[in-house]
Amino acid sequence: MLHWPPSRAERQAVLDRQPELEGDLVRLRPLRQSDWEALFAVACDPLIWAQHPAHDRWQEPVFRAFFDDALAQGGALAVIDGASGAIIGSSRFQGLDDAADGSVEIGWTFLARPCWGGGYNHDLKRLMLRHALASVAECRFMVGENNIRSRRALERIGARLTDRREERIMAGGAAVPHLTYVITREDFARGPLSQSR
């Protein structure tokens with residue numbers, strides 16, 4: 001059991017990128033190959049991806065590549081509705097950087113539309129941030145410059161826009177500008193997600 005804020009010894013522990021975590025509304029566990037059918041049933045909704053740079057991810061072959069990559073990267077999590085036990089989305093810890101006090105990217109997150117705006121994203125991000133910030137000093141979020149819905153969601157959880165930009169190559173070879181948001185341990189401790197609901 002980690003304490004908040006974490007002690008120096010706890011921070012120096014290696015980050016487990018596939019933990020099992022439980023919050024008020026969701027549970028997180030490592031994504032498995034057997035989750036394909038349930039996760040694609042969520043992801044095949046075109047409106048989920050309407051503002052995303054990969055707006056065709058609702059199509060089975062495109063989502064299959066996304067799903068296979070998630071498994072191959074080793075940091076993917078299934079998001080489970082705590083009440084029903086159904087898979088309602090996924091997220092990832094990726095790009096662990098050991099420089100300075102460490103940093104990890106949280107991203108590739110999507111949730112079923114009935115879970116939008118009802119606290120699910122806050123609960124999911126609270127769990128992931130508390131877990132990661134026990135080991136690293138900063139969590140990064142990369143978001144497509146024109147993905148206004150995701151940018152607003154990040155701002156609502158206390159993420160700060162930085163001046164870091166990156167071009168990410170999407171399926172099909174298109175380079176899409178991405179912005180970097182961050183939440184540090186200090187940001188989290190005084191931010192909207194620091195307390196459980």
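Reading the values: the criteria
- By convention here, each chain's residues receive numbers from 1 onward along its written sequence.
- Local features in this predicted model are restricted to residues whose pLDDT is 70 or higher, and side-chain atom pairs enter the listing and the counts only when it is 80 or higher, whereas totals over whole chains, interfaces and linings include all residues.
- Computation of side-chain values: all heavy atoms of the structure, hydrogens and water removed.
- Helix and strand definitions follow DSSP, with helices as H or I runs of at least four residues and strands as E runs of at least two, each counted in order from the N terminus.
- Each radius of gyration reported is based on C-alpha atoms, and the globular scaling rule is 2.2 Å times the count of residues to the power 0.38.
- The rule is simple: take the accessible area with a 1.4 Å probe, protein chains only, and divide by the maximum for that residue type; under 20% is buried, over 50% is exposed, in between is partly exposed.
- Any two residues whose heavy atoms approach within 4.5 Å at even a single point are treated as in contact.
- A residue counts as positive if it is Lys or Arg and as negative if it is Asp or Glu; His and the chain ends are not included.
- Think of each charge as sitting on NZ of Lys, CZ of Arg, CG of Asp or CD of Glu.
- What makes two strands pair is DSSP finding at least two bridges between them.
- Pairing of aromatic side chains requires ring centres within 6.5 Å, counting the rings of Phe and Tyr and the six-membered ring of Trp. Pairs whose planes differ by under 30 degrees are stacked, by over 60 edge-to-face, and all others tilted.

**Q** Describe the overall build of the protein chain, with residues and values.
**A** Secondary structure assignment for the protein chain yields six helices and eight strands. Along the protein chain, helices and strands appear, N-terminal first, in the series α-β-β-α-α-β-β-β-α-β-α-β-β-α. Its C-alpha atoms give the protein chain a radius of gyration of 16 Å, near enough to 16 Å, the size a compact globule of 197 residues would have. The C-alpha extent of the protein chain, read off along each of the three principal axes, is 45 × 40 × 30 Å. Within the protein chain, the proportion of its 197 residues that are buried is 49%. Of the contacts formed within the protein chain by residues at least 6 apart in sequence, a portion of 64% connects residues at least 24 apart. Here the protein chain holds 25 positive side-chain charges and 26 negative ones, and the gap between their average locations is 4 Å.

**Q** Explain the side chain of Ser-90 residue by residue, including any values.
**A** Along the polypeptide, Ser-90 turns up in strand 4 (residues 87–97). Discounting residues that sit within four places of it in the chain, Ser-90 has contacts with Leu-39, Phe-66, Leu-77, Val-79, Trp-108, Thr-109 and Phe-110.

**Q** Explain the pairing of strand 4 residue by residue, including any values.
**A** Looking along a regular strand, one sees the side chains alternate between the two faces of the sheet. For strand 4, a buried count of eight out of eleven residues is recorded, marking the element as mostly surrounded by other parts of the structure. When strand 3 (residues 76–81) meets strand 4, the two strands line up antiparallel, connected through five bridges. Bridging from a neighbouring strand, Ile-80 pairs with Ile-87 of strand 4. In this structure, the hairpin formed by strand 3 and strand 4 is closed by a connection of five residues, where Gly-85 is found at a positive phi of approximately 80°. For strand 4 and strand 5 (residues 103–111), the ladder comprises six bridges, and the chain directions are antiparallel. Within strand 5, the residue paired with Asp-97 across the bridge is Ser-103. In this structure, the hairpin formed by strand 4 and strand 5 is closed by a connection of five residues, where Ala-100 is found at a positive phi of approximately 55°.

**Q** If you had to explain the packing of aromatic side chains to someone new, which residues and values would you point to?
**A** Counted under the stated rule, the structure contains ten aromatic pairs. An angle of 50° between the planes, with centres 5.0 Å apart, marks the rings of Trp-49 and Phe-110 as tilted. With Trp-49 in the loop between helix 2 (36–43) and helix 3 (60–73) and Phe-110 in strand 5, this pair connects stretches of sequence that are 61 residues apart. Of the two residues, Trp-49 and Phe-110, both sit in the buried class. Between the aromatic rings of Phe-63 and Phe-110, the centroid separation amounts to 5.8 Å while the plane-to-plane angle is 90°, which identifies the pairing as edge-to-face. Here Phe-63, found in helix 3, pairs with Phe-110, found in strand 5; they are 47 residues apart in sequence, far enough to count as distant. Looking at Phe-110, the relative accessible area reads 3%, which means it is buried. Here the aromatic residues Trp-36, Phe-40, Trp-49, Phe-63, Phe-66, Phe-67 and Phe-110 are joined through ring pairs into a cluster of three or more.

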